[in-house]
Each structure stands twice: as C-alpha cells, then as structure tokens.
Amino acid sequence: AQKVTQAQTEISVVEKEDVTLDCVYETRDTTYYLFWYKQPPSGELVFLIRRNSFDEQNEISGRYSWNFQKSTSSFNFTITASQVVDSAVYFCALSEAEPMNRDDKIIFGKGTRLHILP
Amino acid sequence: AAGVIQSPRHLIKEKRETATLKCYPIPRHDTVYWYQQGPGQDPQFLISFYEKMQSDKGSIPDRFSAQQFSDYHSELNMSSLELGDSALYFCASSLGGRGAFFGQGTRLTVV
C-alpha cells in the first residue's frame, strides 16, 4: 500500500532562515513518482516538482531544493533564505506508475503548515 | 497555456440539496481525477476516468456520482448534501503518464 508521511505538522521560522520539510514514503512499486505541492491560503494546489523513482539526482530551482534518497525512502524539500510569501501548506505526494503510460492517482501526505515570520 | 478549468469556483448549498461540479481538462488530456479536501485535511482521491470510462475509485460516497462526457469534460454530482461535504473539490487531468495538472478547485459550502 502507498503511504506518505509528513511528520512535521507545523513549522515556524524567521524570514531568511533555511527550512527543510521532511517526507517519507512507502510503496511496493519499483516505478513511482514523487511530488511536492504548495497550497497558499487562497487554496489552489501549486505544483512544485515531480520526480520519478529512477532519478535520484537532487534538484535545485532558485531557493528551492529537493533531496531524494531511495535508501531511506525520503524526499525532503528545503527552502533557502525563506520569505514571508513562502508561508503555506506544503504537501508531499506519491503516485505509482500505471501500465500503458498512464498516471495513477496521487496519494498526499497530511501536509506541513509553514509559517515564515517577518 | 490552457489549464484545467473548474466551475463554479464557489458554491453554497443547503443540506439535502444537490450540487454539480464541472471540470474541463486540458485539451487532449485523456484522464480526469476528482479529489476532495476537507478543512485542514489533505486532498483525498475520489474517482478517475480514462477515455471516458471509470478507471479507479477511491473513497467516494454513494451519494456522489461522476462521469466523463464525449468532449472529455467531467461532472461530479453530489446529492443529499451533508454539512460534512463542505470542502474544496479539485479536478486534475493528465495525458500519457506525464503528470497530472490540477484545477483551481471548487469551494463547496453546505449550510
């Protein structure tokens, strides 16, 4: 069965600090996809990253970086030099691969509410 | 670029009424998904359609039904609404295993 665990329910940091959001996943499939989404107070789900299980390279996009480690089934997300606009709920998610090049449903973690204090 | 369109964006209904939410996927996308996100919760998968046929089913109540039409748009019908149905409802679409794209959601309030 698939499962995504975000152990940090809520985090508060002061602006300009770095913050890491943890994500641990469980799946029996060898081919799967991992995601991070941002949900600001307005409610929309903002896609941040999609990573397939065969690509363990870390990724950096501006102030965002992701660390994927299959050995520990973790896909952690770091925001460097945080800003107030980063305040949101962040969801880690997992999708198992479907045959015929289709996307399976996405299973979300419970989310981490991030507060960036000015 | 075209995105997933959901309508309405906001909906207020009374208990026991019926609601219909609409989703217009990205053109040429062949799969549509519906998710429900209660207050303070994570999005929960309800149902999906691939090429207009139901492909997977999650924790969708029997009072809810959905379908995908010939033009690929999808509708989620909710009957006998309960207070607990108040939530954000997301639709997402995908094509060929390239990842799902979410709409902006419909906020349903049942009073």
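Just so you know, the residues in each chain are numbered from 1, in the order the chain's sequence is written. Chain A is the first chain written and ligand 1 is the first ligand written, with later ones labelled in order. Predicted model: local features are reported for residues with pLDDT of at least 70 only, side-chain atom pairs are reported and counted for 80 or more only, and whole-chain, interface and lining totals are derived from all residues. Hydrogens and water molecules were not included; the side-chain quantities draw on all heavy atoms of the structure.

> Just to check I follow, could you spell out the layout of surface pockets for this structure?
Once rolled over the atoms, a probe with the size of a water molecule shows which space is left empty. The method works on a 1 Å grid over the protein atoms by themselves. A cavity is a set of points holding a 1.4 Å probe that cannot get out, a pocket is an open set with protein on both sides within 12 Å along at least five of seven lines, and residues with an atom within 4 Å of a point line them. Grid points are joined across faces, edges and corners, and a volume is the space filled by probe spheres set on the points. Considering only enclosed or pocket space, the largest pocket measures out at about 510 Å³ in volume. Along the wall of the largest pocket there are 26 residues; nearest its centre are Gln39, Val89 and Arg113 of chain A together with Gln37 and Gly40 of chain B. Here a strand is any run of E in DSSP of at least two residues, a helix any run of H or I of at least four, and the numbering for each starts at the N terminus. Those elements giving two or more residues to the lining of the largest pocket turn out to be strand 10 (88-98) and strand 12 (112-117) of chain A together with strand 9 (87-94) and strand 11 (106-110) of chain B. The element contributing the most residues to the lining of the largest pocket is strand 12 of chain A, with four residues. In this structure, the second largest pocket encloses a volume near 230 Å³. Every residue lining the second largest pocket is counted, 16 residues in all, and those nearest its centre are Leu45 and Phe47 of chain A together with Ala100, Phe101 and Phe102 of chain B. Counting only elements with at least two residues in the lining of the second largest pocket, the list comes to strand 6 (46-52) of chain A together with strand 10 (101-102) of chain B. Per element, the largest residue contribution to the lining of the second largest pocket is three residues, and it comes from strand 6 of chain A. Side-chain classes are defined by residue name, with Ala, Val, Leu, Ile, Met, Phe, Trp, Tyr, Cys and Pro counting as nonpolar, Asp, Glu, Lys and Arg as charged, and the others, Gly among them, as polar. A class-by-class count of the residues in the lining of the second largest pocket yields nine nonpolar, four polar and three charged.

> I keep staring at the state of the cysteines and nothing clicks. Help me out?
Covalently bonding the sulfur atom of one cysteine to the sulfur atom of another cysteine gives a disulfide. All names here are of chain A. Cysteine sulfur atoms are paired as a disulfide whenever they come within 2.5 Å of each other. Summed over the entire model, instances satisfying the criterion amount to two disulfides over all chains. Note that Cys23 is cross-linked by a disulfide to Cys92, the S-S spacing being 1.9 Å. Judged by the sign of its S-S torsion, about -65°, the cystine formed by Cys23 and Cys92 is left-handed. With a gap of 69 residues between them, Cys23 in the loop between strand 3 (19-21) and strand 4 (24-26) and Cys92 in strand 10 connect regions that are remote in the sequence. Take Cys23 and Cys92: they sit in the same class, and that class is buried. Accessibility here uses a 1.4 Å probe with only protein chains present; expressed as a share of the type maximum, an area under 20% marks a residue as buried, one over 50% as exposed, and anything in between as partly exposed.

> Looking at this structure, I do not really get the sheet that holds strand 8 (residues 74-78) of chain B. What am I missing?
Each strand in a sheet pairs with its neighbour through backbone hydrogen bonds, running either in the same direction (parallel) or in the opposite one (antiparallel). Residue and element names in this part refer to chain B. Following DSSP output, two strands are said to pair if at least two bridges run between them. If you walk across this open sheet you meet the four strands as 1-3-8-7, and the pairing is antiparallel. Because the sheet does not close on itself, it has two edges, and the strands there are strand 1 (5-7) and strand 7 (64-68). Ignoring strand direction, the axes of neighbouring strands in this sheet form an average angle of 15°. Both strand 7 and strand 8 contribute to a ladder of five bridges, which runs antiparallel. Residue pairing for strand 8: Gln67 is matched across the bridge by Glu75. For helices, the axis comes from a line fit to the C-alpha atoms of the stretch in contact; other axes are also lines fit to C-alpha atoms, and the angle between any two N-to-C directions lies between 0 and 180 degrees.

> Looking at this model, I keep getting lost on the nonpolar core. Mind explaining?
The tendency in soluble globular proteins is for nonpolar side chains to be buried as a group. Throughout this description, the term nonpolar core refers to a set of buried Ala, Val, Leu, Ile, Met, Phe, Trp, Tyr and Cys residues connected via side-chain atoms within 4.5 Å. Of all hydrophobic cores here, the largest spans 24 residues; its most connected members are Trp36, Trp66, Phe77 and Tyr90 of chain A. Of all the secondary-structure elements, those providing two or more residues to this core are strand 2 (10-14), strand 3, strand 5 (32-39), strand 6, strand 8 (64-69), strand 9 (74-79), strand 10 and strand 12 of chain A. The element best represented in this core is strand 10 of chain A, accounting for four residues. Only heavy atoms enter the contact rule, under which two residues are in contact if any of them lie within 4.5 Å. If we ignore the near neighbours within four places in the chain, the residues touching Trp66 of chain A are Trp36, Leu48, Ile49, Asn58, Glu59, Ser61, Phe75, Asn76 and Phe77 of chain A. Formed by 22 residues, the second largest nonpolar core is a distinct cluster that contains Leu11, Cys23, Met78 and Leu108 of chain B.

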